[in-house]
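# Reading the structure
Residues per chain, in single letters:
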Amino acid sequence: MKKANKLLVMAAAMALAACTLTACGGGSKGDTLTFGTNAEFPPFEYIASDGVVGEFNGIDMAIAKQIADENGMAIAVENMEFDSLLIALQNGQIDAVIAGMTATDERRETVDFSTPYYTATQVMIVREDSDIATAADMADKKICVVQGYTGEVCVQDMGYSYEAFKKGTEAVMELTNGKCDVVVIDSATAQKYVSDNEGLKIVEDPSAFESEEYAIAVQKGNTELLDKINKTIEKMLADGTINELAVKYTEEATAE
Ligand code: GLN
């Protein structure tokens, strides 16, 4: 807990510093492209001492950096709660959202999404001795999700009661402490949590959880930015860069 707090303070200080250097300080690199994210979602975005953009690291951060670079723009990253990202986008506080965000029909009502760059699915994290084998087995169990994630929507749609946490790490802590029986969360992030915590395993149920596509969100009608983003994403998909990034960051995340 103490260490986490310290990291947060450090991150805030570094974010301020980054802000003075780029977005708010009037850098000399021309326009700044400001991405909003929630750096609590490894391997897509997390805080590291040597990130691709300041202290921000992960697959999404590398993609964001390349989008800015290829368009001759400076990059800034604003870290906020996942739930606040689309509001910040609509307010114009940020130009785009890159946050392992699933392009859902509901979200499409308020924002536009780029070409999808990653396919994921919800999975269940359970303790190794759990008898949960399918999504239906969650019916009489204590379920934890992260607030505002598609995992919450899935569990809601299944009609189960659940408890929602602000962070994935908090939900997983409930599970390791025996206070809940299952955490429903995105596949790649689940792998990271299982490798970080002993005694957990992943249970998949493709018939219950549809596949989801991650995409970058921009303000509705911002075709100028969307075209730039799509050009880079399509190139990174075609030349295998995104695939390489996914392998690299997933390996790094699960290696420790
Ligand atoms: N893919 C999930 C969603 O869009 C979770 C994203 C995230 O936590 N960053 O809700």
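Residues numbered from 1 in each chain as written. Predicted model: local features only at pLDDT ≥ 70, side-chain atom pairs only at ≥ 80, totals over all residues. Heavy atoms only, no water.

## With respect to helix H2 (residues 59-70)
The end-to-end C-alpha distance of H2 is 17 Å, a good match for the 16 Å that 12 residues give at a rise of 1.5 Å each. Among the residues of H2, Ile59, Asp60, Met61, Ala62, Ile63, Ala64, Ile67 and Ala68 are the ones counted as buried. Each element contacted by the buried residues of H2 is listed here: strand E1 (32-37), strand E3 (45-47), strand E4 (56-57), strand E5 (74-79), helix H8 (223-238) and helix H9 (241-255). The positive-phi residue at the C-terminal boundary of H2 is Gly72, with phi of around 65 degrees. (Helix = DSSP H or I, 4+ residues; strand = E, 2+ residues; numbered from the N terminus. Expected span 1.5 Å × (residues − 1). Buried < 20%, exposed > 50% of the residue type's maximum accessible area, 1.4 Å probe, protein only. Contact = heavy atoms within 4.5 Å.)

## Side note on the sheet that holds E4
Overall, antiparallel pairing links the three strands, which are arranged E2-E3-E4 in an open sheet. Whereas interior strands pair on both sides, the edge strands pair on one side only; in this sheet they are strand E2 (40-41) and E4. (Pairing = 2+ DSSP bridges.)

## A look at the confidence of the model for the chain
Atom-level detail of predicted coordinates should not be read off regions where pLDDT is low. Residues with a pLDDT of 70 or more make up 88% of the chain, whose mean pLDDT is 91. Low confidence marks residues 18-29, where pLDDT is under 50. Its contacts with residues over four positions away, or in another chain, come to 16 contacts. (pLDDT = per-residue confidence, 0-100.)

## Remarks on the packing of aromatic side chains
Tallied over the full model, the rule gives eight aromatic pairs. Here the aromatic rings of Phe41 and Tyr149 are separated by 5.7 Å at their centres, their planes lie at 90 degrees, and the arrangement is edge-to-face. Pair noted here: Phe41 is in strand E2 and Tyr149 is in the loop between strand E9 (143-146) and helix H5 (150-157), with a separation of 108 residues, a long-range link. Of the two residues, Phe41 and Tyr149, neither departs from the other in class, the shared state being buried. (Phe/Tyr/Trp six-rings, centres within 6.5 Å; stacked < 30°, edge-to-face > 60°.)

## Regarding the site of the ligand
Close contacts around the ligand come from Phe41, Phe82, Ala99, Gly100, Met101, Thr102, Arg107, Gly148, Tyr149, Thr150, Asp186 and Tyr214, and that covers them all. Arg107 has a polar side-chain atom sitting 2.7 Å from an oxygen atom of the ligand. At a separation of 3.0 Å, an oxygen atom of the ligand approaches a polar side-chain atom of Tyr149. In isolation the ligand exposes 290 Å². Once the protein is present, 100% of that is buried. Class assignment of the residues belonging to the shell around the ligand gives a composition of six nonpolar, four polar and two charged. (Near = heavy atom within 4 Å. Polar contact = N/O pair within 3.5 Å; in protein donor to acceptor, adjacent residues only side chain to side chain. Areas by Shrake-Rupley, 256 points an atom, 1.4 Å probe, with all protein chains shown as cover. Nonpolar A, V, L, I, M, F, W, Y, C, P; charged D, E, K, R; others polar.)

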